[in-house]
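Take a look at the letters that make up each chain.
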Amino acid sequence: MAAAVEIDSVHKSFPGHWGKGGVYAVKGVSLRIEEGGVYGLIGPNGSGKSTIMKMLVGLLRPDAGSCRVFGHPATASVNRREIGFLPENPYFYKFLTGAETVRFYGRLCGLRGAALRARADELLELTGLREAAERRLGGYSKGMLQRVGLAQALVQRPRLLVLDEPTAGVDPLGSRTIRDIIMQLRGQGTTIFLCSHLLEQVQEVCDRVGILYQGNLIAEGSVDELTRDSRRTEVTLANPSPELLEQLRAVAGDAWVGTAPARNSLESVFLRGIRAKLDEMKGR
């Protein structure tokens with residue numbers, strides 16, 4: 001399969017204050033993303049995730065090594081139509097409405113007239129902002145601003161979508177919406193490169209994951225490869241009787257570790273509660 005992204009042994013450093021005490025942000029990182037794949041880069045704050053993304057979209061040049069997008073250098077002008085980018089802290093004109101914002105970025109990408117209006121309406125529907133389309137961004141929540149940012153990143157139908165902490169500071173409902181959009185785009189064949197420190201979210205949407213620490217890529221692989229524990233085997237039972245559990249304990253002998261009820265994540269409990277309340281309100 002062809003590569004959408006090829007990052008080969010990139011290094012990047014930044015000078016310290018007054019030219020002293022420079023800091024190496026990225027140290028010889030190499031990775032490859034296949035077309036149509038979803039790659040997640042995880043690591044603590046300051047590990048170099050955003051620096052790698054900025055080099056990939058051409059905002060920074062590596063000190064050494066190379067970044068290529070669909071076979072072209074990351075800084076090539078041809079990539080401007082191929083890449084959609086949502087930075088960690090996007091800035092928008094707060095006096096514009098949501099619809100005006102998406103159309104503004106559409107015009108920057110060369111869209112005009114009916115095609116621009118149709119694309120803006122499509123993206124506002126996709127991101128769940130149609131009802132707020134005519135409200136000014138100054139009244140938007142953090143989650144709504146992130147979804148506007150996602151809409152502007154998609155306006156030119158990019159082949160590669162680069163997302164830097166797309167759910168940072170977003171409430172669980174907004175976070176769920178953004179992840180649903182990512183999964184929908186994956187189904188449509190869009191290549192996605194995202195970074196986050198929210199590990200559960202990355203595990204849900206990504207095909208492959210890289211772990212970055214102090215500028216070094218310390219582990220990489222599929223979600224299954226990275227999370228598999230060869231020392232343990234899970235057995236899931238539906239409503240087992242005490243007698244069945246006792247029989248299993250006897251058969252397992254010293255290999256028996258214990259039992260515990262299956263648990264849902266707090267996010268799933270939160271979202272299930274909201275959906276139940278909405279269904280209740282619709283039924284009144």
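Quick notes on the rules
- Residues numbered from 1 in each chain as written.
- Predicted model: local features only at pLDDT ≥ 70, side-chain atom pairs only at ≥ 80, totals over all residues.
- Heavy atoms only, no water.
- Buried < 20%, exposed > 50% of the residue type's maximum accessible area, 1.4 Å probe, protein only.
- Helix = DSSP H or I, 4+ residues; strand = E, 2+ residues; numbered from the N terminus.
- Pairing = 2+ DSSP bridges.
- Right-handed = clockwise from strand over helix to strand, strands pointing away.
- Axes fitted to C-alpha atoms, helices over the stretch in contact; angles between N-to-C directions.
- Contact = heavy atoms within 4.5 Å.
- Parallel < 35°, antiparallel > 145°, perpendicular 65-115°, else oblique.
- Left-handed = near helix turned anticlockwise from the far one by under 90°.
- Nonpolar A, V, L, I, M, F, W, Y, C, P; charged D, E, K, R; others polar.
- Lys, Arg positive; Asp, Glu negative; His and termini not counted.
- Salt bridge = Lys/Arg side-chain N within 4 Å of Asp/Glu carboxyl O.
- Polar contact = N/O pair within 3.5 Å; in protein donor to acceptor, adjacent residues only side chain to side chain.
- Patch = residues over 30% accessible without salt bridge, like charges linked within 9 Å, V, L, I, M, F, W, Y side chains within 5 Å.
- Areas by Shrake-Rupley, 256 points an atom, 1.4 Å probe, with all protein chains shown as cover.
- Expected span 1.5 Å × (residues − 1).

### Notes on the pairing of strand β7 (residues 160–164)
Turning to step 1, where the next piece is worked out: Counted residue by residue, β7 has five buried out of five residues, so it is predominantly covered.
Turning to step 2, where the next piece is worked out: Taking every second residue as pointing to the same face, both faces of β7 are buried, with L160, V162 and D164 on one and L161 and L163 on the other.
Turning to step 3, where the next piece is worked out: Bridge analysis of strand β6 (residues 83–86) against β7 gives four bridges, and the strand direction is parallel. Along β7, the bridge assignment pairs I83 with L160.
Turning to step 4, where the next piece is worked out: Sheet topology places β7 next to strand β8 (residues 191–196); five bridges connect them, and they run parallel. Across the sheet, D164 pairs through a bridge with C195, a residue of β8.
Turning to step 5, where the next piece is worked out: In terms of handedness, the path from β7 via helix α5 (residues 172–187) over to β8 forms a crossover that is right-handed.

### Looking at the sheet that holds strand β9 (residues 208–213)
Turning to step 1, where the next piece is worked out: Within the open sheet, the six strands sit side by side as β6-β7-β8-β3-β9-β10. Their pairing is mixed. Only two strands of the sheet have a single neighbouring strand rather than two, namely β6 and β10 (216–222). The average undirected angle you get between the axes of adjacent strands in this sheet is 15°.
Turning to step 2, where the next piece is worked out: Bridging between β9 and β10 involves six bridges; their strand directions are antiparallel. Bridging across to β10, R208 finds its partner in S222.
Turning to step 3, where the next piece is worked out: Lying over the sheet, helix α4 (residues 142–154) contacts β6 and β7, oriented at roughly 165° with respect to β6.

### Some remarks on the side chain of T190
Turning to step 1, where the next piece is worked out: Summarising the element assignment, T190 is placed in the loop between α5 and β8.
Turning to step 2, where the next piece is worked out: With near-sequence residues (within four places) excluded, T190 lies in contact with G36, G37, P158, R159, L161 and L185.

### Concerning the packing of helix α2 (residues 98–108) against helix α3 (residues 113–126)
Turning to step 1, where the next piece is worked out: Between α2 and α3, the least distance of the axes is 9 Å, while the angle of their chain directions is 125°. One element, α2, and the other, α3, form an angle in the oblique class. In terms of crossing hand, the pair formed by α2 and α3 is right-handed. Together, G98, A99, V102, R103, G106 and R107 of α2 and L116, R117, A120, L123 and L124 of α3 make up the contact between the two elements.
Turning to step 2, where the next piece is worked out: Looking at the contact of α2 with α3, its residues break down into six nonpolar, two polar and three charged.

### A few points about the side chain of E165
Turning to step 1, where the next piece is worked out: Inspection of the secondary structure assignment puts E165 in the loop between β7 and α5.
Turning to step 2, where the next piece is worked out: With no salt bridge to any partner, buried E165 finds its closest opposite charge in K49, at an N-O distance of 4.0 Å.
Turning to step 3, where the next piece is worked out: When sequence neighbours within four positions are dropped, the list of residues in contact with E165 reads K49, E88, Q146, C195, S196 and H197.

### Focus: the environment of S30
Turning to step 1, where the next piece is worked out: By the element assignment, S30 lies in strand β2 (residues 23–34).
Turning to step 2, where the next piece is worked out: When neighbours within four sequence positions are excluded, S30 is seen to be in contact with I7, D8, S9, L217 and E220.
Turning to step 3, where the next piece is worked out: Among the polar contacts listed, one links the side chain of S30 to the backbone nitrogen of S9, at a separation of 2.7 Å.

### Structural notes on a nonpolar patch on the surface
Turning to step 1, where the next piece is worked out: A cluster of nonpolar side chains, V235, L237, L244 and L248, forms an exposed patch at the surface whose accessible area comes to about 320 Å².
Turning to step 2, where the next piece is worked out: Examined against the element boundaries, L248 turns out to sit in helix α8 (residues 242–252).
Turning to step 3, where the next piece is worked out: For L248, a relative accessible area of 33% gives the class partly exposed.

### Observations concerning α5
Turning to step 1, where the next piece is worked out: Under the 1.5 Å per step criterion, the end-to-end length of α5 is 23 Å for 16 residues, consistent within 8% with the ideal 22 Å.
Turning to step 2, where the next piece is worked out: Within the sequence span of α5, burial applies to G174, S175, R176, I178, R179, I181, I182 and L185.
Turning to step 3, where the next piece is worked out: Capping the start of α5 is the job of one residue whose side-chain oxygen sits 3.0 Å from the backbone nitrogen of L173: D171.
Turning to step 4, where the next piece is worked out: Phi for G189, located one or two positions after α5, is positive at around 95°.

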